[in-house]
Amino acid sequence: MKGQVMTQLADKNTHLSNFSQFDQSAGHAPAWLDSLRRSGIDRFEQVGFPSTREERWRYTNVAPIARMPFKLARYDGQGTDLLDRYSFGDEAASELVFVNGHFVQQLSKLGRLSRGVFAGHLPDALDSRGQQLEGSLGRLADVEANPFVALNTGFIRDGAVIHIPRNVEVDQPIHLLFISTTSREPAVSHPRVLIMLEEGASGTVVESYVGGRGLYFTNAVTEISLEDRAQLDHCKLQQESGEAFHVSTTQIRLGADARFVSHAATLGAKLSRNDLNAVLAGQHADATLNGLVFIGGEQHCDNHTMLDHAEPNCPSHELYKHVLDGKASGVFKGKILVRSGAQKTDSKQTSKALLLSDDAVMNSMPALEIYADDVKCTHGSSSGPVDEEQVFYLRQRGVGLEAARHLMTYAFAADITRRIKVERVRRRLEEYMALQHGLPLDLRINDLASHDEAVKQL
Amino acid sequence: MTIEPLLEIKDLYARVAAPGGREILKGVNLTINAGEVHAIMGKNGSGKSTLAQVLAGREAYEVTGGSVRYKGQDLLELSAEERAREGIFLAFQYPVEIPGVSTSYFLKAAVNAVRKHRGQDELQTKDFINLVKDKMKLLHMDPSFMNRAINEGFSGGEKKRNEIFQMAVMNPTLALMDETDSGLDVDALKTVAEGAESLRRDDNAILVVTHYERLLQYIVPDIVHIMLDGKILMTGDKALAAKVDTQGYDWVDRQARQVG
Ligand SMILES: Nc1ncnc2c1ncn2[C@@H]1O[C@H](COP(=O)(O)OP(=O)(O)OP(=O)(O)O)[C@@H](O)[C@H]1O
Ligand SMILES: [Mg+2]
């Protein structure tokens, strides 16, 4: 018992001592931000890392993260190779680049935004809209709810802030690119994102988390506030290194008639855990959560989602698809909470897994908690190998075994990928899938769009 | 000079590839020469589809005896896709639905896999479109089918027509048509049969599995076989098909027992 307490202390101490170092070097911050950080680190000190004895963490053991003596990641001037690979170039309205958690102005592309729209890093936002931030930052992501949120909150400094004012529409995506470079010692970064859309505003935001090689830990928190009639199309693409840990929480609040669409894709990291919580806090708010997990080897990915129906007449839709190869393991826990006043809730949840090997494991758990009587909630989940009959049909026409498996995988994932509006994200997913299967060029999906166009002319 | 048959099946045995899987083919002998059309008839469950699937390389069946030579090589050595690339085409009795994969995209991949195997350049989208255009006309296919997922939501007849359309595009050396006529209305039957008939050449062959003589009035067979309980029991000309149509199979059984 004593030994256990000791190791737990050691685990926490890594981050507590990171904090004192951070605190000394962080420079001046407004008092409210200072106390927000304090509340985060205090909470983390109090609870430490979660254990698998807790229901919410039953299927994901974070001991490997807790044990590792992570140093706070620094900007080392590296990362331009990854930037070249993952930048949206001209296809982004604005691209904020963070390397190892630090905003890098000279790699970012700012500007060209409509008047009043802000996309920048936290210190700039503090200068131009400090009061608004004080009322928003840390309001949705509760430090009490999740130790990783608490830990992230303790280290808020350099995050991304996006603000779209009333009735303004931003057409092109705003890209937040979080790059982790290889360092000699395992390092941790705590990316923080705050997205605020005022009444009737609309936009598209893509968060990319990418890394080259090596062991590191990304602990991200995103808060999204959508006021009445606001619309956000949100993509989160996780392509961390194969040895990395990735933990994220995305907390969304939707006002009346607001619309939120999430496309969350997990390709990288050895261990990843994503919590995605949407509160439908106004009538006729509409939330769609789409997820794609494409992992292999010994990767583990755990997605916990929550659709909190707090008001009547809200539809929500959720579709998560998992492609698991090798010894990969996937966890999906989708909770739908319908509060007592939330009559006429219409919620549909589906989770599907395609198992490409006998050793891959999927755990899928719907959780419905309903306190209203006039609601429609459905859920379904399925998991199974590639259909042998379908593969034979393709092979019988000359398509090789690997290519046939790829086509099947592509088809399985297409439910998700074809709904992604941001071309860059879709293409990246497709390229990744093609690469995993050592796909011959004639089967690349890249030219599919032009192919479809040509066929339409028939 | 003797010409080698296109396909030569000798004493072929096959069973379901599972522990304790039952034996379905019990000594099939069949020789098909280039330029010929063969028909196989026979009761439900006699093994006709199994024979077609085994020839196409379906791994759900295990060959336990006998041999199959195709174009002078050991067919059983080849994988399903290699057989397809060597010109074997199976029009499925029950075409499979594959949600999410568009027909046109799949067919382009298939055509190019075969071309690559033959050392030909891959078709670009434009050339591919030209190729399928003609074949769609031939089979009165609605172009919108090309954009739909393979067989997904197709009616029974549409699926069969789609099989023959694909067959026309692939232009096989040995076409195995497994009950392509069942589920087709009279007009569709005619269209499909004409489509198949147009593929006949001196250097290819067609093996038709059917229950009805009607199809054979359009695709006229050179040779008709009757299959029963995993064996070919009787072989004749097209008159045999007519006799089955009017008299059923009982007499075949009886005659076989007398002979046996
Ligand atoms: N994979 C399988 N597993 C178990 N039994 C099988 C399998 N495939 C075929 N059979 C059995 O083998 C027998 C022959 O089947 P097959 O489909 O070849 O018949 P068929 O001659 O094509 O019949 P039909 O005229 O009804 O199409 C049937 O009894 C069938 O149930
Ligand atoms: Mg059959």
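Residues numbered from 1 in each chain as written. Chains lettered and ligands numbered in written order. Predicted model: local features only at pLDDT ≥ 70, side-chain atom pairs only at ≥ 80, totals over all residues. Heavy atoms only, no water.

A. Structural context of the coordination of the magnesium ion (ligand 2). Residues and elements named next belong to chain B. Taken together, the protein ligands of the magnesium ion (ligand 2) are S49 (OG) and Q93 (OE1), with distances of 2.0 to 2.1 Å. In this pair, S49 is assigned in helix α1 (residues 48-56) and Q93 in the loop between β6 (88-91) and β7 (98-102), connecting sequence segments 44 residues apart. Overall, Q93 belongs to the buried group, its relative accessible area being 14%. (Donors = N, O, S within 2.8 Å, 3.2 Å for Na, K, Ca; no water. Helix = DSSP H or I, 4+ residues; strand = E, 2+ residues; numbered from the N terminus. Buried < 20%, exposed > 50% of the residue type's maximum accessible area, 1.4 Å probe, protein only.)

B. Spatial organisation of the nonpolar core. Among the nonpolar cores identified, the biggest contains 107 residues, and L394, V399 and V425 of chain A together with I9, L51, L55 and F165 of chain B are the most heavily contacted of them. Take this core: its biggest share by element is 9 residues, from helix α8 (residues 401-417) of chain A. Here this core gathers at least three residues from each of two domains, domain 1 (2-282) and domain 2 (386-458) of chain A. Discounting chain neighbours no more than four positions away, the residues touching V425 of chain A are F88, V206, C235, L237 and I420 of chain A. Counting 49 residues, the second-largest nonpolar core is a separate cluster that includes A93, F260, A278 and L289 of chain A. (Core = buried A, V, L, I, M, F, W, Y, C linked by side-chain atoms within 4.5 Å. Domains from an automatic or database assignment. Contact = heavy atoms within 4.5 Å.)

C. Examining the site of ligand 1 more closely. All names here are of chain B. For ligand 1, the set of nearby residues contains 15 residues, the closest of which are G45, K48, S49, T50 and Y61. Backbone polar atom of S46 to an oxygen atom of ligand 1: 3.2 Å apart, as the coordinates give it. S49 has a polar side-chain atom sitting 2.8 Å from an oxygen atom of ligand 1. Alone, ligand 1 offers 630 Å² of accessible surface; in the complex the protein occludes 67% of this. A total of 3 residues in the shell around ligand 1 trace back to one element, the largest contributor, which is α1. (Near = heavy atom within 4 Å. Polar contact = N/O pair within 3.5 Å; in protein donor to acceptor, adjacent residues only side chain to side chain. Areas by Shrake-Rupley, 256 points an atom, 1.4 Å probe, with all protein chains shown as cover.)

D. Spatial organisation of the side chain of R192 of chain A. All names here are of chain A. Summarising the element assignment, R192 is placed in strand β8 (residues 192-197). Reaching out from R192, the side chain makes a polar contact with the side chain of T153 at a distance of 3.0 Å. Side-chain polar atoms of R192 contact the side chain of E223, separated by 2.9 Å. Once you skip the residues sitting within four places of it in the chain, R192 turns out to touch L137, G138, A141, V149, N152, T153, I156, G159, A160, V221 and E223.

E. Main features of the pattern of salt bridges. Summed over all chains, the structure comprises 36 salt bridges over all chains. In this structure, E55 of chain A engages R58 of chain A in a salt bridge whose closest nitrogen and oxygen atoms are separated by 3.6 Å. Assessed through its relative accessible area of 45%, R58 of chain A is described here as partly exposed. A salt bridge links K159 of chain B to E97 of chain B; the nearest nitrogen and oxygen atoms lie 3.0 Å apart. Taken together, the positions of K159 of chain B in helix α5 (residues 156-170) and E97 of chain B in the loop between β6 and β7 put the pair 62 residues apart, joining distant regions of the chain. Judged by its relative accessible area of 31%, E97 of chain B is partly exposed. (Salt bridge = Lys/Arg side-chain N within 4 Å of Asp/Glu carboxyl O.)

F. Quick peek at the interface of chain B and chain A. Every contact between the two is made by 48 residues of chain B and, on the other side, 29 residues of chain A. Carbon and sulfur atoms supply 63% of the area buried between chain B and chain A, which totals about 3200 Å² over both sides. Area buried by chain B at its contact with chain A is led by R58, E81 and Y105 of chain B, which between them contribute 20% of it. Our count for the chain B to chain A interface comes out at 4 salt bridges. Among the salt bridges present, the one from R395 of chain A reaches E59 of chain B, with a minimum N-O distance of 3.5 Å. Mapped onto the side of chain B that touches chain A, the elements with two or more residues apiece are α1, α2 (80-85), β6, β7, α3 (103-117), α4 (125-138) and α5 of chain B. In terms of residue count, the dominant contributor to the side of chain B that touches chain A is α3 of chain B (10 residues). (Buried area = accessible area lost by both parts, 1.4 Å probe.)

Limitation: the analysis is restricted to geometry and does not speak to function.
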